[in-house]
Amino acid sequence: MAVRLGFVGTGGIANRHLTCAQGHEDMEIVATCDVVPQRAEEAAEKYGGTPYQDVVEMLDAEAPDALVICTPPFAHGDIEEEAASRGIHFFVEKPVAISMAMAERVLAAVREHDIITQVGYMFRLSPPIVAVQRMLSERAIGMVQAHYYMPGLPNKGWWPKMEMGGGQLVEQATHMLDLGRFLAGDVRTVIGKTATVRDWTPPADYEEPEKGLVAYKEGFEIPDATALILEYESGAMGTLSCSLVPQVKWDNGFKVVAEGALVTIDGPSASWENEDGEFEEQAPDNWADAVLVEFVNAVMGEAEATIPYEEGVRSLAISLAGYESVERGNAPVEIAEILPEGL
Ligand SMILES: NC(=O)c1ccc[n+]([C@@H]2O[C@H](COP(=O)([O-])OP(=O)(O)OC[C@H]3O[C@@H](n4cnc5c(N)ncnc54)[C@H](O)[C@@H]3O)[C@@H](O)[C@H]2O)c1
């Protein structure tokens, strides 16, 4: 029998998960929900299900087996609690929350109601990255060098606002911070420095593109270039560089130096060299679907959801520690200071 899925937040990324669900016989789209009713209606028309504007109404009326949450960083907390309290499992897009207080509240509800959760850190399940992780797990790691460069700002009202999007570290470079944990284990301390290297005020003659990233935005208030130094619990060192400065293409990935091996990760694909030779693996076209597929399999009792909510909270802590370090004049911040007790 198919798992009955509700979707909340039917903006950009929801389309990927709705398309995935539509293509899988064991997933049934029963409802779509968005605070902008037209978005829920358009999604329902395109992918199926009944549209709602209010998530509580949707959960009560449809009682889905699981909820797919694709709301922006500031719009978490209540939605997850409403699902958990009804015993409804959830998949949530990264970042899990905009603050640790919000994440802690949800974590308590997840634990109390013992539901299955999964966070949308899809790079972890790309086959080349799984192979790299396996290879690295047998070696001492020396350096984990990560970057996330995007060629401009997503044109969404919440993105350039710190209190809504959380800044690039929380909202997006979290992918690399999470993958660093997957490859090299937990982080102990973080030192951060941020900058705004350009003026984002739109020139008088600037015409926003109809689609895609923008080069200027009124009210832009987040750093556009950030550097972190990470100390892993294993003793390995790491760095993260990220930038929003408009340039020519998206580029995210890693160089990982380990005993006897050098790894390059480019998006979901990887190449590496070790004593056995040189290897190069491309991710399959549908690599990004695996994270939702695995969650649904877990709901059916056929697999484990390998990126549960706790993992999202641990990765969020690194981003928050980076900004906290900036607040403290670039002093090192211990992850243990940021994480809730017991994690
Ligand atoms: N894993 C990935 O590769 C990936 C890619 C893009 C976005 N994301 C993440 O997905 C999240 C959403 O990003 P997006 O680009 O789709 O944003 P978006 O702004 O395009 O869509 C978010 C939608 O949520 C709706 N919404 C806001 N508050 C709501 C609420 N309380 N109840 C119901 N609906 C609500 C908005 O109206 C909007 O339609 C972000 O956290 C982002 O980081 C992940």
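Residues numbered from 1 in each chain as written. Predicted model: local features only at pLDDT ≥ 70, side-chain atom pairs only at ≥ 80, totals over all residues. Heavy atoms only, no water.

## Digging into the sheet that holds strand 15 (residues 269-274)
- Strands sit in the order 16-15-14-13-7-12-11-9-17 across an open sheet of nine strands; the sheet is mixed. In this open sheet, the two strands that pair with only one neighbour each are strand 16 (277-281) and strand 17 (333-334).
- The sheet contact formed by strand 9 (residues 187-195) and strand 17 spans two bridges and is antiparallel. Pairing of Val190 across the sheet is with Val333, part of strand 17. (Pairing = 2+ DSSP bridges. Helix = DSSP H or I, 4+ residues; strand = E, 2+ residues; numbered from the N terminus.)

## Here we look at the side chain of Ser269
- On the secondary structure map, Ser269 appears in strand 15.
- Take Ser269: its relative accessible area is 10%, and that puts it in the buried class.
- Among the polar contacts listed, one links the side chain of Ser269 to the side chain of Gln282, at a separation of 3.3 Å.
- In this view, Ser269 contacts Pro128, Thr264, Glu281, Gln282 and Ala283; residues no more than four positions away in its chain are not counted. (Buried < 20%, exposed > 50% of the residue type's maximum accessible area, 1.4 Å probe, protein only. Polar contact = N/O pair within 3.5 Å; in protein donor to acceptor, adjacent residues only side chain to side chain. Contact = heavy atoms within 4.5 Å.)

## Thoughts on the packing of aromatic side chains
- Under the defined criterion, the tally for this structure stands at eight aromatic pairs.
- Centroid distance Phe123 to Trp287: 5.2 Å. Interplanar angle 35°. Geometry classified as tilted. Pair noted here: Phe123 is in the loop between strand 6 (117-119) and helix 6 (127-136) and Trp287 is in the loop between strand 16 and helix 10 (290-299), with a separation of 164 residues, a long-range link.
- Among the residues examined, Phe123 registers a relative accessible area of 5% and is labelled buried.
- An angle of 75° between the planes, with centres 4.8 Å apart, marks the rings of Tyr206 and Tyr216 as edge-to-face. With Tyr206 in the loop between strand 9 and strand 10 (213-214) and Tyr216 in the loop between strand 10 and strand 11 (225-232), this residue pair connects regions lying 10 residues apart in the sequence.
- By relative accessible area, which is 23% here, Tyr206 ends up partly exposed.
- The partly exposed category is assigned to Tyr216, whose relative accessible area is 21%. (Phe/Tyr/Trp six-rings, centres within 6.5 Å; stacked < 30°, edge-to-face > 60°.)

## Examining the sheet that holds strand 2 (residues 27-33)
- Spatial strand order, 3-2-1-4-5-6: six strands in an open sheet with parallel pairing. The strands lining the two open edges of the sheet, one partner per strand, are strand 3 (50-52) and strand 6. Strand after strand, the sheet turns through a mean of 20° between neighbouring axes, direction not considered.
- Here strand 5 (residues 89-92) runs beside strand 6; their pairing, made up of three bridges, is parallel. If you follow Val92 over to strand 6, its bridge partner there is Val119. (Axes fitted to C-alpha atoms, helices over the stretch in contact; angles between N-to-C directions.)

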